[in-house]
Amino acid sequence: MELLVRANWNRKIKLKSGTFTSQFAFVDGLPEAARFSVTIPAAPGRKERTAELALRFSPVTLCRPHPSPAPDLPDTVRLTIVDVREVSSTHDGESIHWRLLTTHVVRSSKQARRIVDLYRKRWTIEEFFRTLKSAGFDIEEADIGEPEVMIKFVAAAAVAAVTIMQLVRARDGTTEEKLIEAFDPDDRPVLEALSAEFEGATEKQKNPHRKGTLAFAAWVIARLGGWTAYYGKPGPMVMRVGLEAFRRIKYGTTLRLKNV
């Protein structure tokens with residue numbers, strides 16, 4: 001198992017010469033290994049932009065902190081530091097600057113870039129746990145005493161959380177995912193029937209996505225979750241409510257009721 005974390009403390013490191021310095025001063029003095037451009041997505045208070053990033057990396061030897069928080073810690077730990085900082089300044093707000101520590105061996109700028117790309121996935125992980133917790137299933141409040149039952153519940157919630165995240169990402173029609181990425185083939189006629197039911201006379205009230213795509217399903221699930229199609233974009237909570245409603249409707253289509 002490899003580790004990748006963001007360096008929060010300016011720790012002391014030991015150089016090959018036997019002398020000591022701080023890791024931030026050390027990496028600041030390294031020559032640039034490469035430059036590359038990435039798209040920084042929009043966020044509250046921040047517009048989407050293209051950022052030019054400078055990359056530096058080097059192996060480092062971290063020293064044990066003093067006083068030591070535990071008596072059995074080694075005197076030093078060998079890691080790799082990857083520093084990526086934004087050099088373009090034609091934007092408002094805080095520039096990107098990450099100092100990353102990893103157990104991965106990094107010998108080239110291509111490998112260093114991979115470390116940066118891996119760290120960028122942290123937001124997906126945070127979204128997943130947020131969906132499992134406050135924005136979705138609130139699993140921390142589950143009052144289940146039996147470990148095996150709790151494990152099954154968390155596993156089922158995890159599968160549903162992934163589906164919800166897929167729907168949120170697909171809502172704009174930019175992921176090009178197909179319906180079968182998250183739904184069964186026999187879900188399609190139910191989704192198409194619901195879409196026709198929800199569509200209204202105005203352009204805003206029509207499903208803008210092609211049938212058979214996950215974006216098409218996301219529009220339907222969002223409407224089931226209470227989204228009006230007029231204001232804002234549906235998030236995890238709306239998708240969770242909508243997905244639960246869809247499952248109930250889908251189950252209803254399988255019932256063979258007579259004289260009802």
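J.: Is there a simple way to think about the packing of helix H6 (residues 214-224) against helix H7 (residues 236-253) in this case?
T.: Two numbers describe a pair of packed helices, the interaxial angle and the distance between the axes. Between H6 and H7, the shortest axis-to-axis distance is 7 Å and the interhelical angle comes to 95 degrees. As judged from the angle between their axes, H6 and H7 are roughly perpendicular. Residues Ala-218, Ile-221, Ala-222 and Leu-224 of H6 form the contact with H7, whose participating residues are Val-238, Met-239, Gly-242, Leu-243, Ala-245, Phe-246 and Ile-249. Here the contact of H6 with H7 is composed, by residue class, of 10 nonpolar, one polar and no charged.

J.: Would you explain the packing of helix H4 (residues 147-170) against H6 in this entry?
T.: Two elements in contact, H4 and H6, have axes whose closest approach is 8 Å; the angle formed by their N-to-C orientations is 100 degrees. The pairing of H4 with H6 is recorded here as roughly perpendicular in orientation. Here Gln-166, Leu-167 and Ala-170 of H4 come into contact with H6, specifically with Leu-214, Ala-215, Ala-217, Ala-218 and Ile-221. Residue classes in the contact of H4 with H6 are distributed as seven nonpolar, one polar and no charged.

J.: Mind showing me how you'd approach the nonpolar core here?
T.: For soluble globular proteins, the rule of thumb is that nonpolar side chains tend to be buried together. Counting residues in each nonpolar core, the largest one holds 25 residues, and the members touching the most others are Leu-167, Phe-183, Leu-191, Ile-221, Met-239 and Phe-246. If you list the elements that add at least two residues to this core, you get H4, helix H5 (188-198), H6 and H7. Per-element tally for this core: the top contributor is H6, with nine residues. Sequence-distant contacts of Met-239, that is, excluding residues within four places in its chain, are made with Ile-164, Leu-167, Val-168, Arg-171, Ala-218, Ile-221, Ala-222 and Pro-234. Counting residues in hydrophobic clusters, the runner-up holds 17 residues, among them Phe-36, Ala-51, Val-82 and Ile-96.

J.: When you look at H7 in this model, what are you seeing that I'm missing?
T.: Since the α-helix turns once every 3.6 residues, residues separated by three or four places project in the same direction. Taking 1.5 Å as the rise per residue, H7 with 18 residues should run 26 Å; its terminal C-alpha atoms sit 26 Å apart, in good agreement. Listing the buried residues of H7 in full gives Pro-236, Met-239, Arg-240, Gly-242, Leu-243, Ala-245, Phe-246 and Lys-250. Buried residues along H7 sit in contact with helix H3 (122-132), H4, H5 and H6.

J.: Can you help me understand the environment of Ser-134 in this one?
T.: Looking at the secondary structure, you find Ser-134 in the loop between H3 and H4. We classify Ser-134 as exposed; its relative accessible area is 57%. Separated by 118 residues in sequence, Ser-134 and Lys-16 place their C-alpha atoms 48 Å apart.

Rules used throughout
Residues numbered from 1 in each chain as written. Predicted model: local features only at pLDDT ≥ 70, side-chain atom pairs only at ≥ 80, totals over all residues. Heavy atoms only, no water. Axes fitted to C-alpha atoms, helices over the stretch in contact; angles between N-to-C directions. Helix = DSSP H or I, 4+ residues; strand = E, 2+ residues; numbered from the N terminus. Parallel < 35°, antiparallel > 145°, perpendicular 65-115°, else oblique. Contact = heavy atoms within 4.5 Å. Nonpolar A, V, L, I, M, F, W, Y, C, P; charged D, E, K, R; others polar. Core = buried A, V, L, I, M, F, W, Y, C linked by side-chain atoms within 4.5 Å. Buried < 20%, exposed > 50% of the residue type's maximum accessible area, 1.4 Å probe, protein only. Expected span 1.5 Å × (residues − 1).

Remember that the coordinates give geometry; whether it matters functionally is a separate question.
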